[in-house]
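# Structural overview
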Amino acid sequence: EPEVTQTPSHQVTQMGQEVILRCVPISNHLYFYWYRQILGQKVEFLVSFYNNEISEKSEIFDDQFSVERPDGSNFTLKIRSTKLEDSAMYFCASSESYRDRGYQFFGPGTRLTVL
Amino acid sequence: KNEVEQSPQNLTAQEGEFITINCSYSVGISALHWLQQHPGGGIVSLFMLSSGKKKHGRLIATINIQEKHSSLHITASHPRDSAVYICAVGAIQGAQKLVFGQGTRLTINP
C-alpha cells in the first residue's frame, strides 16, 4: 500500500540552527501539506503546495519557514533559524486532490526538539 | 470561539460498547475529515465526507450539513480502538487548509 514517508523521525537541534525536514509523498499525488502539533495541542496547518508553488499558508508560516520540491519525489520543510517554540511534531501529508478525492495521507511525523 | 469543537474530550468505555464522538463546526465547509492518532503520534485518515454517511468496517461517520455537525460511531468497540480521534474541516474558503478539533481521547478497557 502506498504511504507517505518522513525523515528523520526525530531531530534535535540547537536554537538558531537551520533544519530541513524531508517527506516523500505518494507518487501520483498532486497536493502536499505540512502540519505541526505542539505537544498537548491541536494539529495546526502550516502550508499547502501545488504545482510547484505555495497555494495556502497559515499565519504560523512566516519568513523563517520555506518549502521546496527539489526533485520529483521529495518535499521539504526548512526552518531557517529555529526557536524553542518550534519544538513540535511535524506531519507531511499528500492528496490526489483537495475536493472529491481530497483524502489526505499522513506521514508518520518528525519530532523536532529545539534546545 | 473555536471553529471545530469535539465532545467529549475524553471517553472511557468497556469492550463491546457502542461509541459516539461528536464534532461541531462553525464555518461553511467543503469536506469534513475524521482522523485517528495513535499513541506513538502517527495520524491515519479514516473518513472524508461532505454529506450523508460513510461506513468502513465497524466505523460509521455521519454529517448533517444544515446543523454543522458530524458524528463518528464505533460499533463493538475493542481495546485496539483506543486512540485519539480528531475531526478536521476543509473550509469552503481555503479548502486545502484543514482546521482541526482538539481531539477525543478514547480508551476501551477489556
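Here's what I pulled together on the structure shown here. Just so you know, these numbers come straight off a predicted model, no measurement behind them. (Residues numbered from 1 in each chain as written. Chains lettered and ligands numbered in written order. Predicted model: local features only at pLDDT ≥ 70, side-chain atom pairs only at ≥ 80, totals over all residues. Heavy atoms only, no water.)

Bringing the interface of chain B and chain A into the picture now. Facing 23 residues of chain B, the contacting portion of chain A comprises 20 residues. Summed over the three residues of chain B that lose the most area to chain A, namely Ile43(B), Gln96(B) and Phe100(B), the buried surface amounts to 37% of that side. Put simply, chain B and chain A have zero salt bridges between them. Elements supplying a minimum of two residues to the side of chain B that touches chain A: strand E4 (29–37), strand E5 (43–49) and strand E10 (98–100) of chain B. (Contact = heavy atoms within 4.5 Å. Buried area = accessible area lost by both parts, 1.4 Å probe. Salt bridge = Lys/Arg side-chain N within 4 Å of Asp/Glu carboxyl O. Helix = DSSP H or I, 4+ residues; strand = E, 2+ residues; numbered from the N terminus.)

With that settled, consider the layout of surface pockets. The computed volume of the largest pocket comes to approximately 540 Å³. If you trace the largest pocket, you find 26 residues lining it, with Gln37(A), Gly40(A), Gln37(B), Val84(B) and Arg105(B) closest to the centre. At the level of secondary structure, the elements contributing two or more residues to the lining of the largest pocket comprise strand E9 (83–91) and strand E11 (104–109) of chain B. A class-by-class count of the residues in the lining of the largest pocket yields nine nonpolar, 14 polar and three charged. (1 Å grid on protein atoms, 1.4 Å probe; cavity = no way out; pocket = protein on both sides within 12 Å on 5 of 7 lines; lining within 4 Å. Points joined across faces, edges and corners; volume = space filled by probe spheres on them. Nonpolar A, V, L, I, M, F, W, Y, C, P; charged D, E, K, R; others polar.)

Residue and element names in this part refer to chain A. Following the criterion strictly, the structure yields two disulfides over all chains and no others. Here Cys23 engages in a disulfide with Cys92; their sulfurs sit 1.9 Å apart. Because the torsion about its S-S bond is -60°, the bridge between Cys23 and Cys92 counts as left-handed. One end of the pair, Cys23, is in strand E3 (residues 19–24); the other, Cys92, is in strand E9 (residues 88–95), with 69 residues separating them in the sequence. Each member of the pair Cys23 and Cys92 is classed as buried. (Disulfide = S-S within 2.5 Å. Buried < 20%, exposed > 50% of the residue type's maximum accessible area, 1.4 Å probe, protein only.)

From the geometry alone we can't say anything about function, so treat these as descriptive.
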